[in-house]
Amino acid sequence: MILIVDDDNAVRMSMSLALKRAGYEPVAVSNEADALVAVRDERVRLAILDMNLTLSTTGQDGIATLRKFRILRPDIPVIMVTAWGTIPLAVETMSLGAVDFITKPWSNADLLAKIRKLIAKSDLEREAAERTETLDDIERNAITEAMRRCNGNMSEAAKQLGITRQSLYRRIEKFKL
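Parameters at a glance
Throughout this document, residue positions are counted from 1 along each chain, in the order its sequence is written. A pLDDT threshold of at least 70 governs which residues receive local features in this predicted model, and a stricter bar of 80 or more applies before side-chain atom pairs are shown or counted, although totals over entire chains, interfaces and linings include all residues. Only heavy atoms go into the side-chain values, all of them from the structure, while hydrogens and water stay out. Paired strands are those between which DSSP finds at least two bridges. Secondary structure elements are defined from DSSP: runs of H or I of at least 4 residues count as helices, runs of E of at least 2 residues count as strands, and each element is numbered from the N terminus. Only the stretch in contact is used when fitting a helix axis, every axis being a line fitted to C-alpha atoms; angles between N-to-C directions are given from 0 to 180 degrees. For classification, angles of less than 35 degrees are called roughly parallel, those exceeding 145 degrees roughly antiparallel, those between 65 and 115 degrees roughly perpendicular, and all remaining angles oblique. If you view the pair so one helix is near and one far, a crossing is left-handed when the near helix is turned anticlockwise from the far one by less than a right angle, and right-handed when it is turned clockwise. Here, residues are in contact when the closest pair of their heavy atoms is within 4.5 Å. In this count, Pro and Cys sit with the nonpolar residues alongside Ala, Val, Leu, Ile, Met, Phe, Trp and Tyr, while Asp, Glu, Lys and Arg are called charged and the others, Gly among them, polar. Residue exposure (1.4 Å probe, protein chains only): buried if accessible area is under 20% of the type maximum, exposed if over 50%, otherwise partly exposed. In this context, the arc is that of the directions from the helix axis out to the C-beta atoms.

Q: Please explain the sheet that holds strand β1 (residues 2–5) as it appears in this structure.
A: Strand pairing within a sheet occurs via backbone hydrogen bonds; the two strands may be parallel or antiparallel. Pairing in this open sheet of five strands is parallel, and the strands run β2-β1-β3-β4-β5 from one edge to the other. The strands lining the two open edges of the sheet, one partner per strand, are β2 (26–29) and β5 (100–103). Across the sheet, the axes of successive neighbouring strands diverge by a mean angle of 20°, strand direction being ignored. As defined by bridge partners, β1 adjoins β2 across four bridges and the pair is classed as parallel.

Below, the structure is given as structure tokens:
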């Protein structure tokens, strides 16, 4: 699911249509309150956030919402969108955690390419985080391997691990080995 946050209905409709045609499931909202509810949905994989959600053109609406997104869902990529883009504004949003910054009018082909790339990167990072061993996993594996190499001789395994035999006993109990 891709969250689109823009106060302009024509922008929401246009982006939604492009995303649907590309096989994505868009959810479009027009204000910060609805965006903060929608972003909590675990199915949201990416957000496209307009810098100006009111008649103001300072970009502060989008910056405030971006800050809240980073607190609620630091794991999702956020693309910032604006018709009033400046380099300092782009730098500020990137420093706050946005992953890209595009200006209106945008190219659907470029937007979709960025979305594909960012979702693929996010998926790889999520998979890597799930595969990461914990310290307990590493310790359990080291003990198991040392015990195997030493044919079950606990004194020798403890020496190889650089711990006392008592510490090895405690860890064996802890890991139920």
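Following the structure, the description resumes.
Q: Mind showing me how you'd approach the packing of helix α3 (residues 60–72) against helix α4 (residues 87–95) here?
A: Pairs of packed helices are described in terms of their axes, by the angle between the two and the distance that separates them. Relative orientation of the contacting elements α3 and α4 amounts to 15°, with a least axis distance of 10 Å. For the element pair α3 / α4, the angle class is roughly parallel. You can see that α3 and α4 cross each other, and the crossing is right-handed. Contacts from I63, L66 and R67 in α3 reach L89, E92 and T93 in α4. Residue classes in the contact of α3 with α4 are distributed as three nonpolar, one polar and two charged.

Q: Would you mind going over unusual backbone geometry with me for this structure?
A: Residue K104 is joined to P105 through a cis peptide bond whose omega torsion reads -5°. Relative to the elements of secondary structure, P105 occurs in the loop between β5 and α5 (108–131). Phi at N151 is positive, roughly 50°, even though this residue is not glycine.

Q: Would you mind showing me how to read helix α8 (residues 165–174) here?
A: Because each turn of an α-helix spans 3.6 residues, side chains separated by three or four positions in sequence point in the same direction. Taken together, the buried positions of α8 are occupied by S167, L168 and I172. Buried residues of α8, seen end-on, are gathered within an arc of 140° and therefore sit on one face of the element. Along α8, the residues that are exposed and aim more than 90 degrees away from the buried face are R170 and E173. Packed against the buried residues of α8 are α6 (135–149) and α7 (154–161). Just beyond α8, the residue with positive phi is K176, at close to 55°.

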